[in-house]
Structure formats: C-alpha cells, structure tokens
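Per-entry structural report
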Amino acid sequence: MTATLLLARHGQTVWHAENRYAGTSDVPLTETGHAQARALGRWAAAHPVDAVWTSPLSRAVVTAEPACRALGLTPGREPDLRECDFGVMEGRTLAQFAQTDPDAAAAFRADPVAHPFPGAEDPAAAAGRGAAALRRIAAAHDGERVLVVAHNTLLRLVLCRLLSIPLGEYRRVFPRLWNAAVTELRVDGDAVGLISLNVPCDGGTA
C-alpha cells in the first residue's frame, strides 16, 4: 500500500489573526482565510489530486471547498482530524495565559506534551487519533494522492508521531504550519516519509 497525503492547514480565522487558540471552537475564516482557501483550490486544480478529506470543523470544510469544486470531488469528513481541545486556552492567547499563570505557561513552553494546558486534551492521545486517521485514509486510497485539510497543532503532533520525532518537540521542530500551505507525506505500508513541508500556494503563507 502506497499513498501520497497532501496535508494542508485551514485558512486564517478571526481568532488565529489575533493569535488566539481556537481548538475545537468553530471559528469562521477571515477574508484572508477565504483567499487562502481559493489559492489552495487553484493549487489543487493544477496538481494531481484524487480525493479530499477534511476535519469536521467548519474552518477546514470551508477551506477545502474551492479545491473540491475545482476537482469535482465530494470531500470525506474524518472526526479524528479535528483540532486538539485546548481547555482553558480556547479563545485566549499564550501571552494572556502567562499573565494569569506564569508557571504553567513556562512549563507548557518547556514541554507542551508533558504539561498541556489545564483541561486540554492529552496531546499524545490527539497524536494517536490523528495518526490513525491518516493511516486509514492512506489505506483507502492506495496509489492515489489525497488532499487532507486539518489543523496546526494536530498536524504537527501527527507529523512527529508518524516520523518518530519525540512529541514534546513538536513546537520546536515544526514551529508553524502555514495556512493553506501543503506538506507532502509518502505512506508506504508502515513507513512514512516527509517529501516537502509548508510549500506555499499563492496567498497561502499568512
């Protein structure tokens, strides 16, 4: 079984424009985010893509819509590709959290997996569900190229899990996945290889 997964973070949202954690909150795209989605659609139209899958959160679904229209495809929705739940950080910035609980913020910065935000989903569990979802998608699309639209923190955790990188290093190794940029993985049985990271579509790096 060999498949190519083209991972894309959704377009910019109102909260992300302000550097707030969105997590499982259903936050709409900004005008910039819609432009990034259209850019991803143009990229998909110019590259071989056989299928599209998204997170169930609306910011991912809406980001994938231009690509689906261009390709004439109906996207699949995978619940396990949803963003991590950030607990008390939903709608807040890390700077705000540091003002109210500097010790917890410092512990998170030092190791975000060992010291997640209060009330947040276990990052290791999120990495496990996301990695399993990508493996299921790859198995269902043997020999195909699949666009997968999901989320910044989940995808960084999943990249670490699939590439055998310590999960606690995800913020250092993958500081940011750009909105609507494409990261390519090759899945060959149990082996996963990183082909490219954060390749921008026009207008897709904000």
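Before going into details, it helps to say that this report is about the structure given with it. (Residues numbered from 1 in each chain as written. Predicted model: local features only at pLDDT ≥ 70, side-chain atom pairs only at ≥ 80, totals over all residues. Heavy atoms only, no water.)

1. With respect to the pairing of strand β6 (residues 191-199)
The condition that has to hold: For two strands to be treated as a pair, DSSP must find no fewer than two bridges joining them. Strands here are runs of E lasting at least two residues and helices are runs of H or I lasting at least four, both read from the DSSP assignment and numbered beginning at the N terminus.
As judged from the six bridges shared by strand β5 (residues 182-188) and β6, these two strands associate in the antiparallel manner. Residue pairing across strands places Val-187 opposite Val-192, the latter belonging to β6. Counting the residues in the hairpin turn of β5 and β6 gives two residues, including Gly-189, whose phi is positive at 65°.

2. Quick word on unusual backbone geometry
In the Ramachandran plot, Asn-19 falls in the positive-phi region, its phi being about 65° despite a non-glycine side chain. Along the polypeptide, Asn-19 turns up in the loop between α1 (14-17) and α2 (31-46). Positive phi is not limited to glycine here, since Asn-198 has a value of about 55°. If you trace the backbone, Asn-198 turns up in strand β6.

3. Quick look at the environment of Ser-55
Selection criterion: By definition in these notes, contact holds between two residues if any of their heavy atoms fall within 4.5 Å. Here a polar contact is taken to be a pair of N or O atoms separated by no more than 3.5 Å, where protein atoms must pair a possible hydrogen donor with a possible acceptor and residues adjacent in sequence count only if both atoms sit in side chains.
For Ser-55, the location among the structural elements is in the loop between β2 (51-54) and α3 (58-71). For the pair Ser-55 and Glu-78, spaced 23 residues apart in sequence, the C-alpha separation works out to 5.5 Å. Residues contacting Ser-55, with those up to four places away along its chain left out, are Ala-60, Val-61, Glu-78, Leu-81, Arg-82, Val-149, Ala-150 and His-151. At 2.8 Å, the side chain of Ser-55 and the side chain of His-151 are in polar contact.

4. Comments concerning the packing of aromatic side chains
Counted only if it meets this: Any two rings among Phe, Tyr and Trp, with Trp reduced to its six-membered ring, count as a pair given centres within 6.5 Å; such a pair is stacked if its planes are under 30 degrees apart, edge-to-face if over 60, and tilted if neither. Between buried and exposed lies partly exposed: a residue is buried under 20% and exposed over 50% of the maximum accessible area for its type, with that area taken using a 1.4 Å probe on protein chains only.
Per the stated rule, a full pass over the model turns up four aromatic pairs. Aromatic pair Tyr-21 and Phe-86: ring centres 4.8 Å apart, planes at 70°, arrangement edge-to-face. Here Tyr-21 is found in the loop between α1 and α2, whereas its partner Phe-86 is found in the loop between β3 (76-77) and α4 (94-100), with 65 residues between them in sequence. Using a relative accessible area of 7% as the deciding quantity, one classes Phe-86 as buried.

5. Here we look at the pattern of salt bridges
Applied cut-off: One speaks of a salt bridge when a side-chain nitrogen belonging to Lys or Arg is within 4 Å of a carboxyl oxygen belonging to Asp or Glu.
Here the structure, examined in full by the defined rule, presents eight salt bridges. The closest approach of N and O atoms between Arg-136 and Glu-78, which form a salt bridge, is 3.1 Å. You can see Arg-136 sitting in helix α6 (residues 123-140) and its partner Glu-78 sitting in the loop between β3 and α4, a full 58 residues away along the chain. When its relative accessible area of 10% is taken as the criterion, Glu-78 is described as buried.

6. Overview of the nonpolar core
Counted only if it meets this: We call a set of buried residues a nonpolar core when its members are Ala, Val, Leu, Ile, Met, Phe, Trp, Tyr or Cys and they connect through side-chain atoms within 4.5 Å of each other.
One finds Leu-5, Leu-7, Leu-81, Phe-117, Leu-134 and Leu-157 to be the most contacted residues of the largest nonpolar core, which totals 39 residues. Breaking this core down by element, the ones donating at least two residues are β1 (2-9), α4, α5 (102-110), α6, β4 (145-150), α7 (152-162) and β5. Formed by 17 residues, the second largest nonpolar core is a distinct cluster that contains Ala-8, Leu-40, Ala-64 and Val-182.

7. Thoughts on the packing of α6 against α7
The line we're drawing: Comment: axis = line fitted to C-alpha atoms, over the contacting stretch for helices; angle = value between 0 and 180 degrees taken between N-to-C directions. Oblique is the label for any angle not under 35 degrees, not over 145, and not in the 65 to 115 range, which are roughly parallel, roughly antiparallel and roughly perpendicular in turn. Throughout, the ten residues Ala, Val, Leu, Ile, Met, Phe, Trp, Tyr, Cys and Pro are labelled nonpolar, Asp, Glu, Lys and Arg are labelled charged, and all others, Gly among them, are labelled polar.
Where α6 contacts α7, the axes come no closer than 8 Å and their chain directions differ by 75°. Comparing their axes, α7 and α6 come out roughly perpendicular. Between α6 and α7, the residues in contact are Pro-123, Ala-124, Ala-126, Ala-127, Gly-128, Arg-129, Gly-130, Ala-131, Leu-134 and Arg-135 and Leu-154, Leu-157, Val-158, Arg-161 and Leu-162, respectively. Its residues assigned to classes, the contact of α6 with α7 shows ten nonpolar, two polar and three charged.

8. Focus: the side chain of Ser-55
Accessibility expressed as a relative area gives 0% for Ser-55, which makes it buried. Only 3.1 Å separates the side chain of Ser-55 from the backbone nitrogen of Leu-57, close enough to count as a polar contact.

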